[in-house]
Amino acid sequence: MKVSILIPCYNEVGTIEAIINKIKNTISYDHEIVVIDDFSTDGSVKIVESFAVKDERIKLIKLDSNKGPASARNRGIKEAAGRYIAFLDSDDLWHEEKLYKQLKFMKKNHYAFTYTGFEKINESGEVIGTVFPYKEEVCYYDLLKSNHIGCLTAMIDLKILGHKMYMPDIKKRQDQGLWLEILKEIDKAYCLYEILGQYRIREGSISVNKIDNLKYQWKLYRNIEKINIVKSFYYMTFYAFYGMRKYSNSF
């Protein structure tokens, strides 16, 4: 049962080679690595091409303009050949046993959608926090209150889900938008309660701009989920509360 590992890439010449090598060296079962290059202007494409010509499991998709992470991931979902889909950004990391443990967890319990905990690291790779999900299982309404599912930890079983689903084409919160769509069709997503990845926080990253995040969260409620203004305020209070905890060193 093949796993499709989707890696959007934009100007990641300093990290993409190490990430591909680590996946190749730690995964022995059937898989493909799908790198979606979002019109990089550095040497990222050449690095991935050098891998692809030597290993048929590595697929490079080149977008013809810079379209953003949602479009890149959606193209990867469209082209993915695996039963399982896992997401990894080109500057994040997985622990060596991440996929093995998560696949075992999903197969044993017949879960369609799972996630794990992860560490936060800085640009130098130093651990600066640990993210244990607040809940070991979440439904649609739980996820409206906070995005409990880190994108680098998510894995989906397309056979159980029944069809492919895609992220809304928005600058931020596109992963949460996809999780919400999935949870409209299945009851819950389930957590393998282990730390199995590392999320890199870069100085100036859009993910650390708290005010901007609130604006995009509001747009997700109102424009994507079509939630009325009263309920949107209700869910936003939970989002703000969890956000205060999220930006502490550990939670």
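Everything below is about the structure printed above this text.
Below, the structure is looked at part by part. (Residues numbered from 1 in each chain as written. Predicted model: local features only at pLDDT ≥ 70, side-chain atom pairs only at ≥ 80, totals over all residues. Heavy atoms only, no water.)

**Quick word on the pattern of salt bridges**
Enumeration according to the criterion identifies 15 salt bridges in this entry. Here Lys 135 makes a salt bridge to Asp 142, at a shortest N to O gap of 4.0 Å. Note that Glu 181 and Lys 184 form a salt bridge whose closest N and O atoms lie 2.6 Å from each other. Taking relative accessible area as the criterion, Glu 181 reaches 28% and is therefore assigned partly exposed. Assessed through its relative accessible area of 43%, Lys 184 is described here as partly exposed. Through salt bridges with shared partners, a single network forms among Lys 24, Asp 55 and Arg 57. (Salt bridge = Lys/Arg side-chain N within 4 Å of Asp/Glu carboxyl O. Buried < 20%, exposed > 50% of the residue type's maximum accessible area, 1.4 Å probe, protein only.)

**Re the side chain of Gln 174**
Relative to the helices and strands, Gln 174 resides in helix α7 (residues 174-183). Of the residues examined, Gln 174 reaches a relative accessible area of 6% and is grouped as buried. At a separation of 3.2 Å, a polar atom in the side chain of Gln 174 contacts the main-chain carbonyl oxygen of Lys 171. If we skip the residues at most four places from it in the chain, Gln 174 touches Pro 69, Ala 70, Arg 73, Met 167 and Pro 168. (Helix = DSSP H or I, 4+ residues; strand = E, 2+ residues; numbered from the N terminus. Polar contact = N/O pair within 3.5 Å; in protein donor to acceptor, adjacent residues only side chain to side chain. Contact = heavy atoms within 4.5 Å.)

**Topic: the nonpolar core**
Within soluble globular proteins, side chains that are nonpolar tend to cluster in buried spots. Ranked by size, the top nonpolar core spans 39 residues in total, and within it Phe 87, Phe 113, Ile 149, Trp 179 and Ile 182 carry the most contacts. Broken down by element, the residue count for this core peaks at 5 residues, all from α7. Among residues more than four places away in sequence, those in contact with Phe 87 are Leu 6, Arg 73, Ile 77, Trp 94, Cys 151, Leu 152, Ala 154, Ile 156, Met 167, Leu 178 and Trp 179. (Core = buried A, V, L, I, M, F, W, Y, C linked by side-chain atoms within 4.5 Å.)

**As for the packing of helix α1 (residues 16-26) against helix α2 (residues 44-52)**
It is at 9 Å that the axes of α1 and α2 come closest, and there the two elements cross at 25°. Judged on the interaxial angle alone, α2 and α1 are roughly parallel. Contacts from Ile 16, Glu 17, Ile 20, Asn 21 and Lys 24 of α1 reach α2 at Ile 47, Val 48 and Phe 51. Residue composition of the contact of α1 with α2, grouped by class: 5 nonpolar, 1 polar and 2 charged. (Axes fitted to C-alpha atoms, helices over the stretch in contact; angles between N-to-C directions. Parallel < 35°, antiparallel > 145°, perpendicular 65-115°, else oblique. Nonpolar A, V, L, I, M, F, W, Y, C, P; charged D, E, K, R; others polar.)

**Some remarks on the side chain of Ser 44**
Position of Ser 44 among the secondary structure elements: in helix α2. Taking relative accessible area as the criterion, Ser 44 reaches 0% and is therefore assigned buried. Engagement of the side chain of Ser 44 in a polar contact is seen with the backbone nitrogen of Glu 12, the distance being 2.9 Å.

**Section: α2**
For the α-helix, the turn length of 3.6 residues means that residues three or four positions removed from each other point alike. Listing the buried residues of α2 in full gives Ser 44, Val 45, Ile 47, Val 48 and Phe 51. With its buried residues spanning 160° around the axis, α2 presents them on a single face. (Arc of directions from axis to C-beta.)

**Looking at the packing of aromatic side chains**
Per the counting criterion, the structure on display carries 13 aromatic pairs. Arranged with centres 4.6 Å apart and planes meeting at 20°, the rings of Tyr 134 and Tyr 242 form a pair that is stacked. Taken together, the residues span a long stretch of sequence, with Tyr 134 in the loop between β7 (127-131) and β8 (137-138) and Tyr 242 in helix α9 (residues 229-246) at a distance of 108 residues. Here Tyr 134 falls in the partly exposed class, since its relative accessible area comes to 21%. (Phe/Tyr/Trp six-rings, centres within 6.5 Å; stacked < 30°, edge-to-face > 60°.)

**Remarks on the environment of Ile 156**
By the secondary structure assignment, Ile 156 is in strand β9 (residues 155-157). Considered as a pair, Ile 156 and Leu 214 are 58 residues apart in the sequence and their alpha carbons are 27 Å apart. Once residues lying within four places of it in the same chain are set aside, the contact partners of Ile 156 are Arg 83, Tyr 84, Ile 85, Phe 87, Met 106, Ala 112, Phe 113, Leu 161, Trp 179 and Ile 182.

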